[in-house]
Amino acid sequence: MAFHDRIELLFESWGRLVCRRPITIITVVLLATTALIATQLPKLELDMSLEGYLTAQDESKKVYKRFRETFGTDERIVFGLVPEEVFSFEFLETLRSIEEEINETIPYIEETTSIISARQTRGEADQLIVEELLEDWPETEAELAEFKTRVLSNPLYRNMLFSEDESLVIISIETNALASATSIDDAEFDDAGFDNALDDQLQSDTANESIGSHGDLLTSNQIAELVPAIQDLAARHRTPSLEIHVSGAPIRNYSMSSVTVQDMTRFFLVMISIIAVFLVILFRRVSAVIYPSLVVILCVLSGLSCMAWIGIPITGSTQLLPTLLLAVGIGDSIHLLSIFYAELGNGSSRDDAIAFALRHTGLAVFMTSVTTAGSMAAFAAADLKPLIGLGISAPIGVMLAFFFSIVLLPAFLAVTPGMERRRASKPISPVHGYLDQFLIACGNLGSKHPWSVLGATAMILVVAAMGVAQIRFTHDVENWFPEDYPLRITNSLFNEKLRGIYSLEVFLDTHEANGMQDPALLQKLDEATDYAEALQLGEVYVGKAVSLVPIIKEIHQALNENQTEYYKLPTERELIAQELLLFENSGSDDLEDVTDGQFSTGRITLFLPTMDAFYYLPFIDHLKEHFQEKLGDEVEVHFTGIVALLSRTMENIVTSMAKTYLVAFGIIAILMIAVIGEIRGGLVCMIPNLAPIFITVGLMGWVGISFNIATILLGCIAIGIAVDDTIHFMHSFRRYYRRSGDAILAVQETMLTTGRALLVTSMILILGFSVFSLSMLKNIQYFGIVNASAIFFAFFCDVILAPALVILLARFEESRKHAASS
């Protein structure tokens, strides 16, 4: 007996065991599944942060961690106000009121800075005075005019606290994961409140790998508390004469999380509805709708629970998993139910029909589950953390779908009474007449004209290759949102008015105490910074630079009777040290933002406009080369911060695609060879799996859809699903071909049995992926479109191209046998 036959007998034996103990199996499986879901699903978390894209081993993430340990987090919220007149008593009162309310009522705020609270450094006699810019509130028009002059004359404030055209004013809000809206001395804590605060702190410490309080990033729960409070405050103060816009990394992360939760819920409900409709049309039985739906729902909930158990959060990639599991998992149930109801209609008893269905489809379903899981597992080879999470969780979910389909679904069928009585009144499938003719026509086209089909396929692939040459990579998070989305509108405004708000941090290490007080080094930093501010490569430029250098210039000017000609760097190291000591003794802590306590490390913050991270790559590379050349080998230079993380993510998208595609194709090739039983046949059968991917990528290039963090999933997901259809086709074809010895007849019989299931599952998958087009995010919409297209092409490759290939293989085998016999 052949190995395949022995495995099929094992599935048949399992089916008869299920029929003898259905209640026990249902009880054990449901209890175990309920326990898993109840204990683990509530622990599932969201992570939409930029840092969450990178693994702990990524060098960029290590540098970013070191940077935060030294200078604290670079996360900030930019609260922009567009009044009718900036320098008016009315607006300044409003600005002061809003800033005070932010500090008093909004949680996790470290510090706010505006044209009211910004630092002013001036000299008075022999003293250095460091105070708030609006220390004395203006009472007269003359005092208001003098305040306006002071604000506009300081270059540190321009494009940092107000726009070049003076129409936009900023409250810059620095966040701290361990800060609270009120101090512990002023607050009243009960035991529960203290415990909750402690839990939040522990969660923050864990999430940030114990970096230290001033460097902790906000957790997703803290962002979910902070951002709505900020948005609500903005809404309350917004009037017809006062526009308010809010942006920054926490706002972006919250927007992504909110949209993700909404999308996941919408996708799940729509997909369940699609599945139910198709099951009704296909089987016209209540049990055939309820049981498969319950199976895939349990599969999704169990898969998400396993994610929580392992510690994988919901990200921009793993959010696709529930709908993906619904679409993939229902295929297992449809293949089993199709054979079960067909055998039931042929007069078999319920138990015999269950055993027959498992024998006929069990091995094929197992092989398709393994190949799909294998292709998904290729994501574990990626350089991006969300893809790695998908590479772990998706295979688990796929194999859970197989488990529930083989274990729970037959048990449900075994306890359903009266199925034999309804066999005559319930047609097994509505796919009659024209659909059968359509499938036969497709099979005949491939089997009777194989060389013509191969020629046409080759021509299509050539056209696709021209499209592939036009494909590009992008990572443009803000532009994933609709044009009228507040975050996108705000960032567009800030790009125009402030020339950008996202930071590229230049992290400097002199490896010696007081190294940042060296006049020669400071002069080089000043020149390098001036170069950066004047540089524009394509669409990328620096809107503002902040460092130790302008602070030293400001101090030096103040100590020289505030004369403008002294706004420059001192040439003596001792003088620089003395002036910085005076500044520190004034009570200001602003030096902590640009250098450490030993003056051995430094920080230059370059603010860049928000755009596609693809454009940041050459800009950062150019600046790295210039800074290193300017500063020499004595100073260690690193580029980090939000923009650098975006740039690194862009690089990892490209490398991840190359790795995952190669791994997925290798896994599928090995599995196909194992399924077919020979190397040549397995490799030939890879053609119907690879062709639809290549055609889809070519189509993407022609219509201008780029590869991003979502669409790069195409190759591994689509080939994992496409190979399922190929395996089902080959499994049935080989069975019928061994029985009749007629390849063309075997193709026709395959079309009328497995072909029907392939058509239905392909339609469900196409509609399932089309559900993603309902997303608010453009990258998720494109993910759905390209995968639906790939499934569409894969179906026709399996019903036209695959028959052509098996006919040619059969002819080759016949010719070889004939030659050997003669």
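Small disclaimer: the values here were computed from a predicted structure and weren't measured.

Definitions and limits used
Residues numbered from 1 in each chain as written. Predicted model: local features only at pLDDT ≥ 70, side-chain atom pairs only at ≥ 80, totals over all residues. Heavy atoms only, no water. Pairing = 2+ DSSP bridges. Helix = DSSP H or I, 4+ residues; strand = E, 2+ residues; numbered from the N terminus. Axes fitted to C-alpha atoms, helices over the stretch in contact; angles between N-to-C directions. Contact = heavy atoms within 4.5 Å. Buried < 20%, exposed > 50% of the residue type's maximum accessible area, 1.4 Å probe, protein only. Polar contact = N/O pair within 3.5 Å; in protein donor to acceptor, adjacent residues only side chain to side chain. Expected span 1.5 Å × (residues − 1). 1 Å grid on protein atoms, 1.4 Å probe; cavity = no way out; pocket = protein on both sides within 12 Å on 5 of 7 lines; lining within 4 Å. Points joined across faces, edges and corners; volume = space filled by probe spheres on them. Nonpolar A, V, L, I, M, F, W, Y, C, P; charged D, E, K, R; others polar. pLDDT = per-residue confidence, 0-100.

Let us now look at the sheet that holds strand E1 (residues 76-83). Sheet architecture is open: four strands sit in the order E2-E5-E1-E6, paired in antiparallel fashion. In this open sheet, the two strands that pair with only one neighbour each are strand E2 (109-113) and strand E6 (242-248). Across this sheet, the average inter-strand angle for adjacent strands is 20 degrees, counted without regard to direction. Taken together, the six bridges between E1 and strand E5 (residues 169-175) define a ladder with antiparallel strand orientation. If you follow Ile77 over to E5, its bridge partner there is Ile173. Contacting E1, E2, E5 and E6, helix H4 (residues 89-105) crosses the sheet at an angle of about 10 degrees to E5. Contacting E1, E5 and E6, helix H15 (residues 486-498) crosses the sheet at an angle of about 95 degrees to E6.

This next bit is on the pairing of E5. Of all seven residues making up E5, six are buried, and the element is well covered by its neighbours. Pairing of E2 with E5 involves four bridges; the strand directions are antiparallel. By the bridge assignment for E5, Ile109 is matched with Thr175.

By the secondary structure assignment, Asn176 is in the loop between E5 and helix H6 (191-207). Judged by its relative accessible area of 9%, Asn176 falls in the buried class. There is a polar contact of 2.5 Å between the side chain of Asn176 and the side chain of Glu110.

What follows concerns helix H17 (residues 548-558). With eleven of eleven residues buried, H17 lies mostly within the body of the structure. Listed in full, the buried residues belonging to H17 are Leu548, Val549, Pro550, Ile551, Ile552, Lys553, Glu554, Ile555, His556, Gln557 and Ala558. Along its buried surface, H17 packs onto strand E3 (119-124), strand E4 (127-132), helix H16 (519-534), helix H18 (573-585) and strand E11 (601-608).

Residues other than glycine predominantly adopt negative phi, and peptide bonds predominantly adopt the trans conformation. One non-glycine residue, Arg499, adopts positive backbone phi at about 65 degrees. When you line up the elements, Arg499 lands in the loop between H15 and strand E7 (502-509). With a relative accessible area of 32%, Arg499 lands in the partly exposed category. A positive phi angle is found at His511, which is not glycine, with a value near 60 degrees. By the element assignment, His511 lies in the loop between E7 and H16.

Let's shift gears to H4. Over its 17 residues, H4 extends 24 Å from the first C-alpha to the last, a length consistent with the 24 Å expected when each residue adds 1.5 Å. Every buried residue of H4 is accounted for by Phe91, Leu92, Leu95, Ile98, Glu99, Glu101 and Ile102. Close packing links the buried residues of H4 with E1, E2, helix H5 (141-153), E5, helix H7 (220-237) and E6.

This paragraph deals with the pairing of E1. Among the eight residues in E1, eight count as buried, and that is most of the element. Side chains Arg76, Val78, Gly80 and Val82 project from E1 onto one buried face, and the interleaved Ile77, Phe79, Leu81 and Pro83 project onto a second face that is buried too. Alignment of E1 against E6, held across seven bridges, turns out to be antiparallel. Note that in E6 the partner of Val78 across the bridge is Ser247.

In total, this model carries four cavities of 30 Å³ or more according to the counting rule given. Lining of the largest cavity is provided by 14 residues; of these, Val328, Gly331, Asp724, Thr761 and Leu765 occupy positions nearest its centre. Listing elements by their share of the lining of the largest cavity, those giving two or more residues are helix H10 (321-345), helix H23 (714-740) and helix H25 (754-770). If you tally residues by element for the lining of the largest cavity, the top one is H10, at six residues. Across the lining of the largest cavity, the residue classes tally to six nonpolar, five polar and three charged. The computed volume of the second largest cavity comes to approximately 90 Å³. In terms of lining, the second largest cavity is formed by Ser49, Leu50, Glu51, Tyr64, Glu75, Leu217, Ala249, Arg252, Asn253, Ile642 and Leu645. Of all elements in the fold, only helix H8 (249-283) and helix H20 (642-676) reach the threshold of two or more residues within the lining of the second largest cavity. Broken down by element, the residue count for the lining of the second largest cavity peaks at three residues, all from H8. Counted by class, the lining of the second largest cavity contains six nonpolar, two polar and three charged residues.

Per-residue pLDDT for the protein chain has a mean of 87; in total, 93% of the residues score no lower than 70. The secondary structure element of the protein chain with the lowest average pLDDT is H6, at 42, and the one with the highest is E6, at 96. In the predicted structure, residues 181-213 sits below a pLDDT of 50 and forms 36 contacts with residues beyond four places in sequence or in another chain. The model gives residues 423-431 a pLDDT under 50, and that stretch makes 21 contacts with residues more than four places away or in other chains.

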